[in-house]
Amino acid sequence: EVALSADAEWLTAAVKQGGQNGIVAGRADGTGWHLIPFERTVIHPQFHPLEAEWIEFAADPAPRMHRVRRDGSGLECLYQHGNDEFVVHETFLGRTGDLVYTVWPRSLWRMDWTTRERRLICDFNAWHITPSRDGTQVLCDTNHPDLGVFLIDAASGERRLVCRPEASCGGSQWKTSRYA
């Protein structure tokens, strides 16, 4: 998976070269590419929406959320947790610069990019998430049980059903498809 910076000047991707895991980063014109090594599997690298020198990425297994500067410096774990806390689907909360992520199946969280302060948005079975560009709302589906698709207010945690589960085949992605 490849990610493009908001200014469209930089690309990054998770890689495994030989036995080395990491991230590659370079200019979209093909120059300046280099490997940023990491000791575990790397997935979902993405550029900070306001500061293209920063890349956030997930690692497997836990702890999951990390960041590193595009030049390979400043590597750090953003949130120390074990495999008993299933942190998934982290992404940037629009152009706020903060992160939003799920601790499935329990809750939706926001993390301040600068201080790493975590704030609970709501206790809810959010699964896949996508924030609005301004970071005021988060759209999510639900899983086990499939309750439907919801729009969540990022400030208050209030949620509104936008699609009933009957429209999504009831979470059929988690079992053999009835259409196969």
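As a reminder, the structure under discussion sits directly above these lines.
Residues numbered from 1 in each chain as written. Predicted model: local features only at pLDDT ≥ 70, side-chain atom pairs only at ≥ 80, totals over all residues. Heavy atoms only, no water.

### Regarding the overall build of the protein
Turning to step 1, where the next piece is worked out: Within the protein, the secondary structure is distributed over zero helices and 16 strands.
Turning to step 2, where the next piece is worked out: Whereas a compact globule of 180 residues would reach a radius of gyration of roughly 16 Å, the protein reaches 17 Å, a difference of no more than 12%.
Turning to step 3, where the next piece is worked out: Once the C-alpha set of the protein is aligned to its principal axes, its extents read approximately 50 × 40 × 35 Å.
Turning to step 4, where the next piece is worked out: Each of the 180 residues in the protein was classed as buried or not, and the buried ones make up 47%.
Turning to step 5, where the next piece is worked out: Within the protein, counting contacts between residues at least 6 apart in sequence, those at least 24 apart form 30% of the total.
Turning to step 6, where the next piece is worked out: For the protein, the exposed surface amounts to about 9,300 Å²; the carbon and sulfur share of it is 51%.
Turning to step 7, where the next piece is worked out: Computed over 19 positive and 24 negative side-chain charges, the inter-centroid distance for the protein is 3 Å. (Helix = DSSP H or I, 4+ residues; strand = E, 2+ residues; numbered from the N terminus. Rg over C-alpha atoms; globule rule 2.2 N^0.38 Å. Buried < 20%, exposed > 50% of the residue type's maximum accessible area, 1.4 Å probe, protein only. Contact = heavy atoms within 4.5 Å. Areas by Shrake-Rupley, 256 points an atom, 1.4 Å probe, with all protein chains shown as cover. Lys, Arg positive; Asp, Glu negative; His and termini not counted. Charge placed at Lys NZ, Arg CZ, Asp CG, Glu CD.)

### Considering the sheet that holds strand β15 (residues 149-153)
Turning to step 1, where the next piece is worked out: Here we have four strands laid out as an open sheet, ordered β13-β14-β15-β16, and antiparallel in their pairing. At either margin of the open sheet sits one strand with a lone partner, and together these are β13 (126-131) and β16 (159-163). With strand direction ignored, the average angle separating the axes of adjacent strands in the sheet is 30 degrees. (Pairing = 2+ DSSP bridges. Axes fitted to C-alpha atoms, helices over the stretch in contact; angles between N-to-C directions.)

### A closer look at the nonpolar core
Turning to step 1, where the next piece is worked out: One finds V100, L108, F124, I129, C140 and I152 to be the most contacted residues of the largest nonpolar core, which totals 13 residues.
Turning to step 2, where the next piece is worked out: When contributions to this core are tallied by element, the ones reaching two or more residues are β12 (118-123), β13, β14 (137-142) and β15.
Turning to step 3, where the next piece is worked out: Beyond its immediate chain neighbours, meaning those up to four positions away, L108 contacts V100, Y101, T102, L120, I121, C122, F124, A126, I129, V138 and I152. (Core = buried A, V, L, I, M, F, W, Y, C linked by side-chain atoms within 4.5 Å.)

### Details of the layout of surface pockets
Turning to step 1, where the next piece is worked out: Looking at the largest pocket, its volume works out to about 320 Å³.
Turning to step 2, where the next piece is worked out: As for the largest pocket, its lining consists of 18 residues, and the residues nearest its centre are Q46, F47, P49, T91 and F92.
Turning to step 3, where the next piece is worked out: Broken down by element, the lining of the largest pocket gets its largest block of residues, four residues, from strand β5 (residues 41-47).
Turning to step 4, where the next piece is worked out: For the lining of the largest pocket, the per-class residue count stands at seven nonpolar, eight polar and three charged. (1 Å grid on protein atoms, 1.4 Å probe; cavity = no way out; pocket = protein on both sides within 12 Å on 5 of 7 lines; lining within 4 Å. Points joined across faces, edges and corners; volume = space filled by probe spheres on them. Nonpolar A, V, L, I, M, F, W, Y, C, P; charged D, E, K, R; others polar.)

### Considerations on the side chain of E85
Turning to step 1, where the next piece is worked out: Examined against the element boundaries, E85 turns out to sit in the loop between β8 (76-77) and β9 (86-92).
Turning to step 2, where the next piece is worked out: With a relative accessible area of 17%, E85 lands in the buried category.

### Let's talk about the sheet that holds strand β11 (residues 107-111)
Turning to step 1, where the next piece is worked out: Taken together, the four strands give an open sheet; going across it, the order is β9-β10-β11-β12, and neighbouring strands pair in antiparallel fashion. Edge positions in the sheet fall to β9 and β12, since each of these pairs with one other strand and no more. Adjacent strand axes in the sheet meet at a mean angle of 25 degrees when their direction is disregarded.
Turning to step 2, where the next piece is worked out: Taken together, the five bridges between strand β10 (residues 99-104) and β11 define a ladder with antiparallel strand orientation. What sits directly across from L99, in β11, is M111.

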